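Spelled out, the chains give:
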Amino acid sequence: MAEQSSLLIVNNFHAETIAKLDARYETHHLWRESADRKRELIARLDGRCVAAASASWDCDAIVYGLSSLRVLACFGVGVDGIDFARTRAAGIAVTNTPDVLNDAVADLAMALILATTRNIVNADRFVRAGKWLEGPFAFGAGLAGRTLGVLGFGRIGAAVVRRAEAFGLRFAYHNRRRKEDVPFPYFASPRELARHSDILLNVLPGGPETQGLVDLEVLEALGPEGVFINVGRGSSVDEAALAQALRRGLIAGAGLDVYAAEPRVPAELLAMDNVVLLPHIGSATVETRAAMGKLVIDNLAAWFNTGKLLTEVTGN
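Residues numbered from 1 in each chain as written. Predicted model: local features only at pLDDT ≥ 70, side-chain atom pairs only at ≥ 80, totals over all residues. Heavy atoms only, no water.

Asker: Can you help me understand the packing of helix α4 (residues 102-117) against helix α6 (residues 155-164) in this one?
Answerer: The axes of two packed helices give the description: the angle between them and the distance between them. Relative to each other, α4 and α6 sit at 55 degrees, their axes nearing to 8 Å. It follows from the interaxial angle that α4 and α6 lie oblique. Of the two elements, α4 crosses α6, and the hand of that crossing is right-handed. Only Arg155, Ile156, Ala159, Val160, Arg163 and Ala164 of α6 make contact with α4, whose side of the interface consists of Asn102, Asp103, Val105, Ala106, Asp107, Ala109 and Met110. Per-class residue counts for the contact of α4 with α6 are eight nonpolar, one polar and four charged. (Axes fitted to C-alpha atoms, helices over the stretch in contact; angles between N-to-C directions. Helix = DSSP H or I, 4+ residues; strand = E, 2+ residues; numbered from the N terminus. Parallel < 35°, antiparallel > 145°, perpendicular 65-115°, else oblique. Left-handed = near helix turned anticlockwise from the far one by under 90°. Contact = heavy atoms within 4.5 Å. Nonpolar A, V, L, I, M, F, W, Y, C, P; charged D, E, K, R; others polar.)

Put into structure tokens, the structure is as follows:
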């Protein structure tokens, strides 16, 4: 029975989901243990534990030493925390939680677009500081007729476009490959996309292929009136180049929800007033996190009951 099966929980990814897993399985909380106790736990579980649950963005590599492990159910969409070379070599299937967070992340992307183009955070500070009594606040920029370039056009990018259409934006995109069913312009490189965009939205996943892809050349191509938004992965941006672009006025502003070394944010960005900084809250709504947790639970249930998975991901 699934309720009697052992489950290794790698890290404290979502308390509500972990509590539900605790009620359903014989769980073992790896993150609570010292390094020595982790090794002891892996040795004790080897041969009788075939499943683990983890954050998708972070996974303790010691789990790959559990030779009986056959499924790793991940909470999250971006799976850059998973070593797919090791999972493939060991025959470990990996799942993630796609689709259920598209709306929440797309909502936040639109919030960042509006916050940066209309300078909303600084406008709030302006009022609180009593400066309105001294004169009007500086003008922002409208959205109608401007081009939103989507860097990494997948499910979330499509959800942003559906929202952004109501604001009168035009669209363009870059992916590794052109999509035949996308009706707006495709550009073969991030730099060319930036050159033809007023707002550049990064929805790229993490990993070696995207590391530092948004560099100074891309930001320079975006131009001095351009705005950069990141709801993808922080590792896909050269943060030193971004700080330089903001400092030198190569771009007008930025709105960031993700960073390369979370929760650390570069000090130079913290000191700037032309960048909106959020603490990686793209999917952080009660409803979305609950739905993500349900998909983790449903994947594990499907595995134990049928040997099949609902949302397997290969990392390719």
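Moving on from the coordinates now.
Asker: Whenever I open this one, the packing of helix α1 (residues 15-24) against helix α11 (residues 286-306) confuses me. Can you help?
Answerer: Where α1 meets α11, the closest approach of the two axes is 9 Å, and the angle between their N-to-C directions is 30 degrees. In terms of orientation, α1 and α11 fall into the roughly parallel class. The way α1 lies across α11 gives a crossing that is right-handed. Where α1 abuts α11, its residues Glu16, Thr17, Lys20, Leu21 and Arg24 lie against Arg289, Ala290, Gly293, Ile297, Leu300 and Ala301. Here the contact of α1 with α11 is composed, by residue class, of five nonpolar, two polar and four charged.

Asker: Hey, could you run me through the nonpolar core in this one?
Answerer: Side chains of nonpolar character tend, in soluble globular proteins, to be buried together. Counting residues in each nonpolar core, the largest one holds 48 residues, and the members touching the most others are Leu21, Leu148, Leu201 and Leu300. For this core, the element with the most residues is α4, which contributes seven residues. If sequence neighbours within four positions are ignored, Leu21 has contacts with Leu7, Ile9, Phe13, Thr27, Ala53, Ile297 and Leu300. Counting 26 residues, the second-largest nonpolar core is a separate cluster that includes Ala172, Ala221, Val237 and Leu242. (Core = buried A, V, L, I, M, F, W, Y, C linked by side-chain atoms within 4.5 Å. Buried < 20%, exposed > 50% of the residue type's maximum accessible area, 1.4 Å probe, protein only.)

Asker: Any chance you could explain the sheet that holds strand β3 (residues 51-55) here in plain terms?
Answerer: As a general point, the strands of a sheet are linked pairwise by backbone hydrogen bonds and lie either parallel or antiparallel. A sheet is described by the order of its strands in space; here five strands give the open sequence β2-β1-β3-β4-β5, paired in parallel fashion. Lying at the two open borders of the sheet, with one neighbouring strand each, are β2 (26-29) and β5 (93-95). Ignoring strand direction, the axes of neighbouring strands in this sheet form an average angle of 20 degrees. The sheet contact formed by strand β1 (residues 6-9) and β3 spans two bridges and is parallel. Note that in β3 the partner of Leu8 across the bridge is Ala52. (Pairing = 2+ DSSP bridges.)

Asker: I keep staring at the pattern of salt bridges and nothing clicks. Help me out?
Answerer: When charged atoms on two side chains of opposite charge get close, those side chains can pair. Taken as a whole and assessed by the stated rule, the structure comprises 16 salt bridges. One salt bridge connects Asp107 with Arg163, and the closest N-O pair in it is separated by 2.6 Å. Residue Asp107 is found in helix α4, and its partner Arg163 is found in helix α6; the two are separated by 56 residues along the sequence. A relative accessible area of 22% means that Arg163 is categorised as partly exposed. The salt bridge involving Arg195 is made with Glu192; its shortest N-O contact spans 3.4 Å. With Arg195 and Glu192 both in helix α7 (residues 190-195) and three residues apart, the pair spans about one turn of that helix. On the basis of relative accessible area, Arg195 is assigned to the partly exposed category, the value being 43%. Relative accessible area serves as the criterion here: at 31%, Glu192 is assigned to the partly exposed category. One continuous salt-bridge network, built from bridges that share partners, spans Glu33, Arg37 and Glu40. (Salt bridge = Lys/Arg side-chain N within 4 Å of Asp/Glu carboxyl O.)

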